[in-house]
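Inside the fold
Residue strings, one per chain:
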Amino acid sequence: MKKLIGLIILLGIGGNLYAQDLPSNPKPGECYIRCTTPDVYENKEVQVKIAPEYKKLKTFPAVYETVKEKVLVKEGTKKLRIVPAKYETTTVTYIKKQTASSLRIIPASLGNGSEVVEIKPAFAQWELGSPAPDCESSNPDDCRYWCYKGYPAEYVSIPTRVLKNDANTVKNEINEKTATYKKLVVKEPAKVIEEEIPAEYATVVKTVLVKDAYTEEVIVPAKFKTISKEVLIKKGGLTEWKAVECALVEYSALPINWNLGSAKLTAQARTLIDTRLMAVLKNNPGAKMEIASHTDSRGSKVNNQELSERRAQSVVNYLISKGINNSRLVANGYGEKQLKNRCADGISCTEREHAANRRTEFRLINN
């Protein structure tokens, strides 16, 4: 702590270029951080069409009905007693089935497409650079500088369906059908005595078109997907230096009892964050906080690194859900890189010694 206080005093009175951007008139024994006004974002929902509107066609066949019709098959005449009448046979053609049509559906065809949606805009923020390796000063902070670092926008590609060919129909003709019947006609009438010979009739069956084939359309509506995107409402930036408790710029323990191999916050852990971290962030508006998570040396280095990162991010995600702007939060996982005791790989230690390395900490940092 004494070294940190002395460092702040030296930075406040230094004559180099970096010192010109430090707090003016610092008080001995006080610690300072540089706060920012955070960027203000608003979540807006946009709709992306993932499938177009198209129509479905349903066909109905032609409707017929069968009718009977009385037709003359022999004409009436007269019969002669002496010389009978003479007949000849003729063929009469009639329409047995009228012409019509049938319909065949060619369904609509869809293709694949996509639409790119910006879900997070580009932004930039001030960041403190690393010390120059050839710094001549005994104080490494004399050779550090501020960089205004930009971060690109983030996009997501949404798969869509597009209409290539709409549905239609092909019409085929059904040919007309005819039939014939025989008919006797008088070739030579009777002579001398005439007797009436009545006409003769027959019944024929005909298939008559009642309603031709037709189609009905059913409209299939377009499909949409709602996604949420961040929109920058107000741009933030650097503000003046602010005095804070010196204990807050050093790592403080956040005694979360994580379940073995898990990064899920328990109800007890959420209560701890509400009482410890939320109070610090609310009492220091604009300040930036680092959440650091560590593991012991047991297990592989890769798994320990990944687990520590997930645990730190779980704390940050919970703070964001409570209304803290994500630009004020940094999640760092250090795995087994910063052990607090001798318990490295290959060294036998007690469970209590290993537990000292399994920790989650927090501190206020400069923006």
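Residues numbered from 1 in each chain as written. Predicted model: local features only at pLDDT ≥ 70, side-chain atom pairs only at ≥ 80, totals over all residues. Heavy atoms only, no water.

Considerations on the state of the cysteines
- Summed over all chains, the structure comprises one disulfide.
- Disulfide pairing is shown between C343 and C349; the S-S distance is 2.2 Å. Disulfide C343-C349: torsion about the S-S bond near -110°, hence left-handed. One exposure class covers both C343 and C349, and it is buried. (Disulfide = S-S within 2.5 Å. Buried < 20%, exposed > 50% of the residue type's maximum accessible area, 1.4 Å probe, protein only.)

Some points on the layout of surface pockets
- Space inside the second largest pocket adds up to approximately 540 Å³.
- Lining the second largest pocket are 26 residues; nearest its centre among them are W258, T295, D296, R311 and R358.
- Looking at the lining of the second largest pocket, the elements with two or more residues in it are α3 (301-321) and β22 (359-365).
- Top element by residues in the lining of the second largest pocket is α3. It accounts for six residues.
- When its residues are assigned to classes, the lining of the second largest pocket shows eight nonpolar, nine polar and nine charged. (1 Å grid on protein atoms, 1.4 Å probe; cavity = no way out; pocket = protein on both sides within 12 Å on 5 of 7 lines; lining within 4 Å. Points joined across faces, edges and corners; volume = space filled by probe spheres on them. Helix = DSSP H or I, 4+ residues; strand = E, 2+ residues; numbered from the N terminus. Nonpolar A, V, L, I, M, F, W, Y, C, P; charged D, E, K, R; others polar.)

Considering the side chain of R359
- Within the secondary structure layout, R359 lies in strand β22.
- At a separation of 2.7 Å, a polar atom in the side chain of R359 contacts the main-chain carbonyl oxygen of Q338.
- Of note is the side chain of R359, whose polar atom sits 3.2 Å from the side chain of E361. (Polar contact = N/O pair within 3.5 Å; in protein donor to acceptor, adjacent residues only side chain to side chain.)

As for the packing of helix α2 (residues 267-283) against α3
- In the contact formed by α2 and α3, the axes pass within 11 Å of each other and the chain directions differ by 70°. If you check the angle between α2 and α3, you find them roughly perpendicular. As α2 runs across α3, the sense of the crossing is right-handed. Residues R270, I273, D274, L277, M278 and L281 of α2 lie in contact with α3, whose contacting residues are V315, Y318 and L319.
- Split into classes, the residues belonging to the contact of α2 with α3 amount to seven nonpolar, no polar and two charged. (Axes fitted to C-alpha atoms, helices over the stretch in contact; angles between N-to-C directions. Parallel < 35°, antiparallel > 145°, perpendicular 65-115°, else oblique. Left-handed = near helix turned anticlockwise from the far one by under 90°. Contact = heavy atoms within 4.5 Å.)

Description of α2
- If you check α2, its first and last C-alpha atoms are 24 Å apart, about what 17 residues at 1.5 Å a residue would give, namely 24 Å.
- Of all the bends in α2, the greatest measures close to 30° and is centred on D274.
- Among all positions of α2, only A269, L272, I273, L277, M278, V280 and L281 are buried.
- Taken together, the buried residues of α2 touch β20 (288-294), α3, β21 (329-335) and β22. (Expected span 1.5 Å × (residues − 1). Bend = angle between axes of the 7 residues up to and from the residue.)

Comments concerning the pattern of salt bridges
- As enumerated under the stated definition, the model contains 16 salt bridges in all.
- Notably, a salt bridge pairs K206 with E69, separated by 3.1 Å at the nearest N-O pair. Of this pair, K206 sits in strand β15 (residues 200-211) while E69 sits in strand β4 (residues 63-74), and the two are 137 residues apart along the sequence.
- A salt bridge links R363 to E290; its shortest N-O distance comes to 2.8 Å. Of the two residues, R363 is situated in strand β22 and E290 in strand β20; the sequence distance between them amounts to 73 residues.
- Judged by its relative accessible area of 26%, R363 is partly exposed.
- Among the residues examined, E290 registers a relative accessible area of 2% and is labelled buried.
- Connected through shared salt-bridge partners, D296, R298, E351 and R358 make up one network. (Salt bridge = Lys/Arg side-chain N within 4 Å of Asp/Glu carboxyl O.)

Things to note about α3
- Its 21 residues place the ends of α3 30 Å apart at the C-alpha level, agreeing with the 30 Å of an ideal helix rising 1.5 Å per residue.
- Within α3, the full set of buried residues consists of N304, Q305, L307, S308, R311, A312, S314, V315, V316, Y318 and L319.
- Elements that come into contact with the buried residues of α3 comprise α2, β20 and β21.
- G323 lies just past α3 and shows a positive phi near 105°.

Some words on the side chain of S293
- Residue position: S293 is located in strand β20.
- When sequence neighbours within four positions are dropped, the list of residues in contact with S293 reads S308, R311, A312, N332, G333, Y334, G335, R359 and T360.

Digging into the nonpolar core
- Core analysis: the largest hydrophobic core is formed by 24 residues, its most contacted members being L277, M289, V315 and L319.
- Elements that contribute at least two residues to this core include exactly α2, β20, α3 and β22.
- Per element, the largest residue contribution to this core is seven residues, and it comes from α2.
- Residue contacts for L277: discarding those within four places in its chain leaves L254, L272, M289, I291, V315, L319 and F362. (Core = buried A, V, L, I, M, F, W, Y, C linked by side-chain atoms within 4.5 Å.)

Quick notes on the confidence of the model for the protein chain
- Summary statistics for the protein chain give a mean pLDDT of 81 and a share of 81% for residues scoring 70 or more.
- Counting contacts from residues 1-20, a segment whose pLDDT is below 50, to residues more than four positions away or on other chains yields 29 contacts. (pLDDT = per-residue confidence, 0-100.)

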